[in-house]
Amino acid sequence: MGKGLSRSERARTRSVHFQDIEGSSEARLTVYEKDVLNKIRSTKDSPLEKLVAAEKASEEQKHAIQKLRRLRRYVKYAHLTPKQRQAYKLFFMTKRTGMTLRKLAKKLKISLSSAWARIHGAVLRLERVELRRQEGRELRNILEGVLYARKLKKVFYLYFDKGWPPAAVAKSLRSNLSTIYSNIQTIRVLGYAHSQEEYIPWEEARKKISHL
């Protein structure tokens, strides 16, 4: 505490009994003693606190990796590029432990930024599939017995259940991409309209969905 303090301040600091300060009720401390106590708290970094912080960070990292590994169930639906698929499998699905972006970049003989871009791109696509399938489960509960048009059922299955992107759905059903987007919008509007307690006009439901 010495370097930035004047001689009088250093004398005052030496006169403070630090154990008494930490053990006393704050209400009984002087303004100066409270200031010293706050400085002690702000600089205290015991080995135990370091260990707890490190374990917490490690645990959070493990949970994040486990979550990203669970996305592998969507790999075949996400239409990853060959480079994204290769990077994702090496990084999250390899049996070797301790895989890092730096090691991945070295193994693939690419830059660190390229390794990050491939992993990041793959994860974004996989997360979109997961969210789409979640939305599909919610819509299915609402539209059970309501969605009867054969074309809409097929679009629902491929887009929401399997997580295919619209372009892949259009190719599979030999349909125009704009038509598939319109079908997806129709399914969402139906879901919104039938989730309301009171009747809502179709046009109003469509406007609500377009603003979500």
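What counts and how
- Residues numbered from 1 in each chain as written.
- Predicted model: local features only at pLDDT ≥ 70, side-chain atom pairs only at ≥ 80, totals over all residues.
- Heavy atoms only, no water.
- Helix = DSSP H or I, 4+ residues; strand = E, 2+ residues; numbered from the N terminus.
- Expected span 1.5 Å × (residues − 1).
- Buried < 20%, exposed > 50% of the residue type's maximum accessible area, 1.4 Å probe, protein only.
- Phe/Tyr/Trp six-rings, centres within 6.5 Å; stacked < 30°, edge-to-face > 60°.
- Axes fitted to C-alpha atoms, helices over the stretch in contact; angles between N-to-C directions.
- Parallel < 35°, antiparallel > 145°, perpendicular 65-115°, else oblique.
- Contact = heavy atoms within 4.5 Å.
- Nonpolar A, V, L, I, M, F, W, Y, C, P; charged D, E, K, R; others polar.
- Core = buried A, V, L, I, M, F, W, Y, C linked by side-chain atoms within 4.5 Å.
- Lys, Arg positive; Asp, Glu negative; His and termini not counted.
- Salt bridge = Lys/Arg side-chain N within 4 Å of Asp/Glu carboxyl O.

## Concerning unusual backbone geometry
Consideration 1: Phi at Lys 109 is positive, roughly 60°, even though this residue is not glycine.
Consideration 2: Tracing the chain through its elements places Lys 109 in the loop between α6 (101–108) and α7 (112–143).

## A look at helix α8 (residues 150–161)
Consideration 1: Taking 1.5 Å of rise per residue, 12 residues should cover 16 Å, and α8 covers 15 Å from first to last C-alpha, within 8% of that figure.
Consideration 2: Listed as buried for α8 are Leu 152, Val 155, Phe 156, Leu 158, Tyr 159 and Phe 160.
Consideration 3: Directly after α8, the chain includes Gly 163, whose backbone phi takes a positive value near 80°.

## Quick notes on the packing of aromatic side chains
Consideration 1: In the structure shown here, the tally under the stated rule is 2 aromatic pairs.
Consideration 2: On the basis of an interplanar angle of 45° and a centroid distance of 5.1 Å, the ring pair of Phe 156 and Phe 160 is categorised as tilted. Taken together, the residues span about one helical turn, with Phe 156 and Phe 160 both in helix α8 at a distance of 4 residues. Like Phe 156, the residue Phe 160 is buried in the burial classification.
Consideration 3: Between Tyr 159 and Phe 160, the aromatic rings sit 4.8 Å apart at their centres with planes inclined by 90°, giving edge-to-face as the arrangement.
Consideration 4: Classification of Phe 160 by relative accessible area gives buried; the value is 0%.
Consideration 5: Through successive ring pairs, a cluster of aromatic residues spans Phe 156, Tyr 159 and Phe 160.

## Topic: the packing of helix α5 (residues 82–92) against α7
Consideration 1: Running from N to C, α5 and α7 cross one another at 95°; their axes reach a closest spacing of 8 Å. Of the possible angle classes, the one that applies to α5 and α7 is roughly perpendicular. Residues Lys 83, Gln 84, Gln 86, Ala 87, Tyr 88, Phe 91 and Phe 92 of α5 touch α7, and the partners they reach there are Arg 118, Ile 119, Gly 121, Ala 122, Val 123, Arg 125 and Leu 126.
Consideration 2: For the contact of α5 with α7, the per-class residue count stands at 8 nonpolar, 3 polar and 3 charged.

## What to know about the nonpolar core
Consideration 1: Ranked by internal contacts, the top residues of the largest apolar core, which has 38 residues, are Tyr 88, Leu 104, Ile 119, Leu 126, Leu 147, Phe 160 and Ile 187.
Consideration 2: The element that contributes the greatest number of residues to this core is α7, accounting for 8 residues.
Consideration 3: For Leu 147, the residues in contact, after removing those within four places along its chain, are Leu 152, Lys 153, Phe 156, Ile 187 and Leu 190.
Consideration 4: In terms of nonpolar packing, the next biggest core, distinct from the first, is built from 5 residues, Val 189, Ala 193, Ala 205 and Ile 209 among them.

## Points about helix α10 (residues 177–195)
Consideration 1: When the terminal C-alpha atoms of α10 are compared, their 27 Å separation across 19 residues agrees well with the 27 Å that a helix rising 1.5 Å per residue should span.
Consideration 2: Those residues of α10 that fall on the buried side of the exposure criterion are Ile 180, Asn 183, Ile 184, Ile 187, Val 189, Leu 190, Gly 191 and Ala 193.
Consideration 3: Looking at the packing, one finds that the buried side of α10 touches α7, α8, α9 (166–172) and α11 (202–210).

## Remarks on the side chain of Arg 132
Consideration 1: Within the fold, Arg 132 resides in helix α7.
Consideration 2: Buried and without a salt bridge, Arg 132 has Glu 135 as its closest oppositely charged side chain, separated by 6.4 Å.
Consideration 3: Apart from residues lying up to four places away in sequence, Arg 132 is in contact with Tyr 159, Phe 160, Gly 163, Trp 164 and Pro 165.

## Details of the packing of α8 against α10
Consideration 1: As a packed pair, α8 and α10 sit with axes 10 Å apart at the nearest point and diverge in direction by 95°. As summarised for this structure, α8 and α10 are arranged roughly perpendicular, according to the angle between their axes. Along its contact with α8, which presents Lys 151, Leu 152, Val 155, Phe 156, Tyr 159 and Phe 160, the element α10 presents Thr 179, Ile 180, Asn 183, Ile 184, Thr 186, Ile 187, Arg 188 and Leu 190.
Consideration 2: Its residues placed into classes, the contact of α8 with α10 shows 9 nonpolar, 3 polar and 2 charged.

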